[in-house]
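Residues per chain are reported as follows:
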Amino acid sequence: MKQALLELMEEKHFDQITVQDIADKADISRKTFYLHYVDKYDLLDRVIEESLEELRAFSESVCEMDWLPATEMCFQYLQNHYAFFSTMLTSKGAPYFRARFLAFEFEAFQEELRRTTGDRPGALQDVMIPFVVHAYVGIVEWWLANGMPYPPKVMAEHVGTLLQALYETPMHRDKIG
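Residues numbered from 1 in each chain as written. Predicted model: local features only at pLDDT ≥ 70, side-chain atom pairs only at ≥ 80, totals over all residues. Heavy atoms only, no water.

(A) View of the side chain of Asp42. Position of Asp42 among the secondary structure elements: in helix α4 (residues 40–62). Classification of Asp42 as buried rests on a relative accessible area of 16%. Residues in contact with Asp42, not counting those within four places in the same chain, are His36 and Tyr37. (Helix = DSSP H or I, 4+ residues; strand = E, 2+ residues; numbered from the N terminus. Buried < 20%, exposed > 50% of the residue type's maximum accessible area, 1.4 Å probe, protein only. Contact = heavy atoms within 4.5 Å.)

Have a look at this one:
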């Protein structure tokens, strides 16, 4: 049923998908669908939760790596799950997923900054973290929407260069580091 939902979301907007569409695509009855899920929103929530838990486990496995290899691994992960992420982050996808993905990345970048610079709250972090997260999610969306025109290694190098420049500004060193 989860795969059926994702396949349908590649074809049309989530709001246009019915439980009957999902049941037909999964080759099950509506009764079987309702044995597992309350409605299509429940199914979508579970798909999102499972994907974020998988992403969280993956992120934990690369968090001890240096920035460049870790970022490359992240883009490789996105490439390996292209169908899911491109569907969920497009206009046909679920805006709710984008909000959850942003929150996930916000937490991850915040933890990375805390790990590398210590727990020093301040205006710079309050501005930098949302800036970095929105830029990162935006470039991921662009990359996926354009069919991944560059390999993960190239994306990691470019994103890494931009983030390194941001983290190494004199203002950043004075206020955070």
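(B) Broad picture of the pattern of salt bridges. Applying the stated criterion to the full structure yields 8 salt bridges. Residue Arg100 pairs with Glu49 through a salt bridge whose shortest N-O separation is 2.2 Å. Within this pair, whereas Arg100 is found in helix α7 (residues 95–117), its partner Glu49 is found in helix α4, the two being separated by 51 residues in sequence. The exposure class assigned to Arg100 is partly exposed, which follows from its relative accessible area of 23%. By relative accessible area, Glu49 is classed as partly exposed at 33%. Note that Glu53 and Arg56 form a salt bridge whose closest N and O atoms lie 2.9 Å from each other. On the criterion of helical spacing, the pair formed by Glu53 and Arg56 is a turn pair, its members being 3 residues apart in helix α4. With relative accessibility at 44%, the residue Glu53 sits in the partly exposed group. Salt bridges sharing common partners tie together Glu7, Glu11 and Lys25. (Salt bridge = Lys/Arg side-chain N within 4 Å of Asp/Glu carboxyl O.)

(C) Fine view of the packing of α4 against helix α5 (residues 67–80). Packing of α4 against α5 leaves a shortest axis separation of 10 Å and a crossing angle of 155°. In terms of orientation, α4 lies roughly antiparallel with respect to α5. Two packed elements cross with a definite hand, and for α4 against α5 that hand is right-handed. Residues Ser51, Glu54, Leu55, Phe58 and Val62 of α4 pack against Ala70, Met73, Cys74 and Tyr77 of α5. Split into classes, the residues belonging to the contact of α4 with α5 amount to 7 nonpolar, 1 polar and 1 charged. (Axes fitted to C-alpha atoms, helices over the stretch in contact; angles between N-to-C directions. Parallel < 35°, antiparallel > 145°, perpendicular 65-115°, else oblique. Left-handed = near helix turned anticlockwise from the far one by under 90°. Nonpolar A, V, L, I, M, F, W, Y, C, P; charged D, E, K, R; others polar.)

(D) Local environment of the nonpolar core. In terms of nonpolar packing, the biggest core is built from 48 residues, with Leu5, Phe85, Met88 and Phe97 touching the most fellow members. Those elements that provide at least two residues to this core are α1 (2–11), α2 (19–26), α4, α5, α6 (82–88), α7, α8 (123–145) and α9 (152–167). It is α8 that provides the largest number of residues to this core, a total of 9 residues. Beyond its immediate chain neighbours, meaning those up to four positions away, Phe85 contacts Leu55, Tyr77, Leu78, Phe97, Phe101 and Leu144. (Core = buried A, V, L, I, M, F, W, Y, C linked by side-chain atoms within 4.5 Å.)

(E) Structural context of the packing of aromatic side chains. Taken as a whole, this structure holds 14 aromatic pairs when the rule is applied. Ring geometry for Phe33 versus Tyr37: centroids 5.5 Å apart, planes at 45°, classification tilted. Neither Phe33 nor Tyr37 differs from the other in exposure class; each is buried. Among the aromatic residues, ring-to-ring pairing joins Phe58, Tyr77, Phe84, Phe85, Phe97 and Phe101 into one connected group. Sitting over the ring of Phe14, Lys40 keeps its end group 4.6 Å from the ring centre. (Phe/Tyr/Trp six-rings, centres within 6.5 Å; stacked < 30°, edge-to-face > 60°. Lys NZ or Arg CZ within 6 Å of the ring centre and 35° of its normal.)

By themselves, these observations are geometric and do not establish any function.
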